[in-house]
Amino acid sequence: MVDRLSLDIAPGEFLVLLGPSGCGKSTVLRMIAGLEEITEGQLLLDGEYANDLPPAGRDMAMVFQNFALYPNMTSRDNIGFPLRIESPGADPGTRVDATARTLGIEDLLDRFPGQLSGGERQRVAMGRAIARHPSAFLMDEPLSNLDAKLRNHLRAEISQLTRELGVTTIYVTHDQSEAMSLGDRVAVLRGGVLQQVDSPRAVYALPRNVFVAAFIGTPRINLLRGLVRAPLGGAMTISLGKQFLRLPEPLSLDHQFLRVQQGREVIVGLRSEAVRIARPGSARPGEVPITGLVEHL
């Protein structure tokens with residue numbers, strides 16, 4: 001189930017839907033494609049109401065996790081199949097050849113899916129979508145069945161290809177590294193509810209809530225519970241057990257808000273790259289020293 005989702009996707013934008021399994025990201029993609037009913041709300045395509053449009057009338061091409069290639073057809077026929085459906089009797093050869101050149105798979109056109117590697121099959125599946133010249137690509141975890149090395153390679157290819165084509169792309173993944181490297185914006189979902197949508201940098205540096213902060217980033221962010229205390233020497237402090245974390249002035253926090261929250265429990269998030277191991281008394285200007293035990297390197 002998806003609850004009160006509101007997204008405005010710009011032409012040519014690469015938007016990533018990110019979240020754990022079962023959060024509703026694939027459901028969103030299927031509703032956009034017309035494969036799931038929208039029970040409430042509106043889907044607008046170029047400003048036009050599209051809830052009742054059949055999938056074939058939405059001018060979108062999907063790329064699936066399982067490639068969905070016809071095993072009894074060559075790569076050439078798989079790529080050209082949707083073109084024959086759209087224009088019976090037409091020869092799709094020119095567009096198939098042009099698509100194959102774009103993807104660098106000209107030598108695979110006469111092979112069957114069973115003769116291809118996982119990466120080659122994914123390129124053919126991409127070719128089938130590209131050859132249609134759709135207004136949007138809908139990609140549902142297209143790389144999740146591939147090994148890590150091949151995933152990284154094809155990730156770069158997809159990013160370059162979609163930008164060269166200038167086609168709006170909505171990409172579903174549970175892999176936050178994939179989302180951060182691909183998306184112009186990342187929409188984080190949890191339990192069917194949109195948590196935050198922003199640029200990858202903003203989602204990482206300025207998470208809107210604890211879930212987004214913990215879900216984004218490798219290694220995971222350190223989350224510490226503390227209490228807001230009165231200003232100490234002009235700065236607010238957070239008590240962490242027996243220690244006090246002094247918040248430096250450059251830190252972009254709303255001090256007025258913190259004053260109102262004095263005595264309330266808060267959660268402090270520390271990214272690993274923001275922490276430096278130092279000897280006692282050797283803190284640099286602007287650094288906030290706390291003591292701790294190193295448990296893992």
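Residues numbered from 1 in each chain as written. Predicted model: local features only at pLDDT ≥ 70, side-chain atom pairs only at ≥ 80, totals over all residues. Heavy atoms only, no water.

A.B. asks: Can you tell me about the overall build of the chain, naming the residues and giving the values?
C.D. replies: From N to C terminus, the chain includes nine helices and twelve strands. Over its C-alpha trace the chain gives a radius of gyration of 24 Å, far above what one expects of a compact globule, namely 19 Å for 297 residues. Projecting the C-alpha coordinates of the chain onto the three principal axes gives extents of approximately 80 × 45 × 30 Å. Looking at the chain alone, contacts between residues at least 24 apart form 63% of all its contacts between residues at least 6 apart. Split by element, the accessible area of the chain, about 17,100 Å² in all, is 52% carbon and sulfur. Computed over 32 positive and 33 negative side-chain charges, the separation of the two mean positions in the chain equals 10 Å. (Helix = DSSP H or I, 4+ residues; strand = E, 2+ residues; numbered from the N terminus. Rg over C-alpha atoms; globule rule 2.2 N^0.38 Å. Contact = heavy atoms within 4.5 Å. Areas by Shrake-Rupley, 256 points an atom, 1.4 Å probe, with all protein chains shown as cover. Lys, Arg positive; Asp, Glu negative; His and termini not counted. Charge placed at Lys NZ, Arg CZ, Asp CG, Glu CD.)

A.B. asks: I'd like a description of the packing of aromatic side chains, backed by residues and values.
C.D. replies: Counted under the stated rule, the structure contains three aromatic pairs. On the basis of an interplanar angle of 20 degrees and a centroid distance of 5.5 Å, the ring pair of F211 and F215 is categorised as stacked. Taken together, the positions of F211 and F215, both in helix α8 (residues 210-215) and four residues apart, correspond to about one turn of that helix. Summarising the burial analysis for this pair, F211 and F215 share the class buried. (Phe/Tyr/Trp six-rings, centres within 6.5 Å; stacked < 30°, edge-to-face > 60°. Buried < 20%, exposed > 50% of the residue type's maximum accessible area, 1.4 Å probe, protein only.)

A.B. asks: Give me the lowdown on the pattern of salt bridges, citing residues and values where you can.
C.D. replies: As enumerated under the stated definition, the model contains eleven salt bridges in all. Linking D3 and R4 is a salt bridge whose minimum nitrogen-to-oxygen distance equals 3.1 Å. Among the residues examined, D3 registers a relative accessible area of 25% and is labelled partly exposed. Residue R4 is classed as exposed on the basis of its relative accessible area, which comes to 74%. R185 is the partner of E13 in a salt bridge, and the nearest nitrogen-oxygen pair spans 2.4 Å. (Salt bridge = Lys/Arg side-chain N within 4 Å of Asp/Glu carboxyl O.)

A.B. asks: Go over the packing of helix α2 (residues 75-86) against helix α3 (residues 93-103), please, and point to the residues and values.
C.D. replies: In contact at an axis separation of 9 Å, α2 and α3 are set at 125 degrees when each is read in the N-to-C sense. If you check the angle between α2 and α3, you find them oblique. Remark: the crossing between α2 and α3 carries right-handed chirality. Facing α2, whose interface residues are R76, I79, G80 and L83, α3 presents R95, V96 and D97. Of the residues contributing to the contact of α2 with α3, the split by class is three nonpolar, one polar and three charged. (Axes fitted to C-alpha atoms, helices over the stretch in contact; angles between N-to-C directions. Parallel < 35°, antiparallel > 145°, perpendicular 65-115°, else oblique. Left-handed = near helix turned anticlockwise from the far one by under 90°. Nonpolar A, V, L, I, M, F, W, Y, C, P; charged D, E, K, R; others polar.)

A.B. asks: I'd like a description of the nonpolar core, backed by residues and values.
C.D. replies: If you look at the biggest cluster of nonpolar residues, it comprises 40 residues, and the most contacted ones within it are L18, M126 and Y171. With five residues, the single largest contributor to this core is helix α4 (residues 118-130). Once residues lying within four places of it in the same chain are set aside, the contact partners of M126 are V63, L103, M139, I158 and L161. Core analysis: the next-biggest nonpolar cluster, separate from the first, contains 17 residues, C23, I32, A50 and L138 among them. (Core = buried A, V, L, I, M, F, W, Y, C linked by side-chain atoms within 4.5 Å.)

A.B. asks: Lay out the environment of S26 in plain terms, naming residues and giving numbers.
C.D. replies: Relative to the helices and strands, S26 resides in helix α1 (residues 25-33). A relative accessible area of 24% means that S26 is categorised as partly exposed. Among residues more than four places away in sequence, those in contact with S26 are D140 and V172. A polar contact is formed between the side chain of S26 and the side chain of D140, at a distance of 3.0 Å. (Polar contact = N/O pair within 3.5 Å; in protein donor to acceptor, adjacent residues only side chain to side chain.)

A.B. asks: So, the pairing of strand β4 (residues 60-63): which residues are in play, and what are the values?
C.D. replies: Judged by which residues are buried, β4 turns out to be covered on both faces: M60 and M62 on one side and A61 and V63 on the other are all buried. Pairing geometry for β4 and strand β5 (residues 136-140), over four bridges, is parallel. Looking at β5, one finds that V63 is bridged to M139. (Pairing = 2+ DSSP bridges.)

A.B. asks: I'd like to hear about the sheet that holds strand β8 (residues 193-198), residue by residue, with values.
C.D. replies: Spatial strand order, β4-β5-β6-β1-β7-β8: six strands in an open sheet with mixed pairing. Strands at the two margins of the open sheet, each flanked by one partner only, are β4 and β8. The sheet shows a mean angle of 15 degrees between the axes of neighbouring strands, taken without regard to direction. Here strand β7 (residues 185-190) runs beside β8; their pairing, made up of five bridges, is antiparallel. Within the sheet, the bridge partner assigned to R190 lies in β8 and is V193. Sheet strands touched by α4: β4 and β5. Its angle to β4, the strand with the most contacts, is close to 170 degrees. Strand contacts of helix α5 (residues 148-165): β1 (14-18), β5 and β6 (168-173), with the helix running at about 165 degrees to β5, the strand carrying the most contacts.

A.B. asks: Residue-level account of the side chain of T168, with values.
C.D. replies: Considering the arrangement of structural elements, one finds T168 in strand β6. For T168, a relative accessible area of 13% gives the class buried. Polar contacts involving the side chain of T168 include one to the main-chain amide nitrogen of G12, which spans 2.7 Å. Contacts of T168, omitting those with residues within four sequence positions, involve I9, A10, P11, G12, E13, S135, A136 and F137.

A.B. asks: I'd love a proper account of α1, names of residues and values included.
C.D. replies: For α1, the complete set of buried residues consists of K25, V28, L29, M31, I32 and A33. At its buried positions, α1 is contacted by β1, β4, β5, β6 and β7. A positive phi of about 90 degrees marks G34, the residue just after α1.

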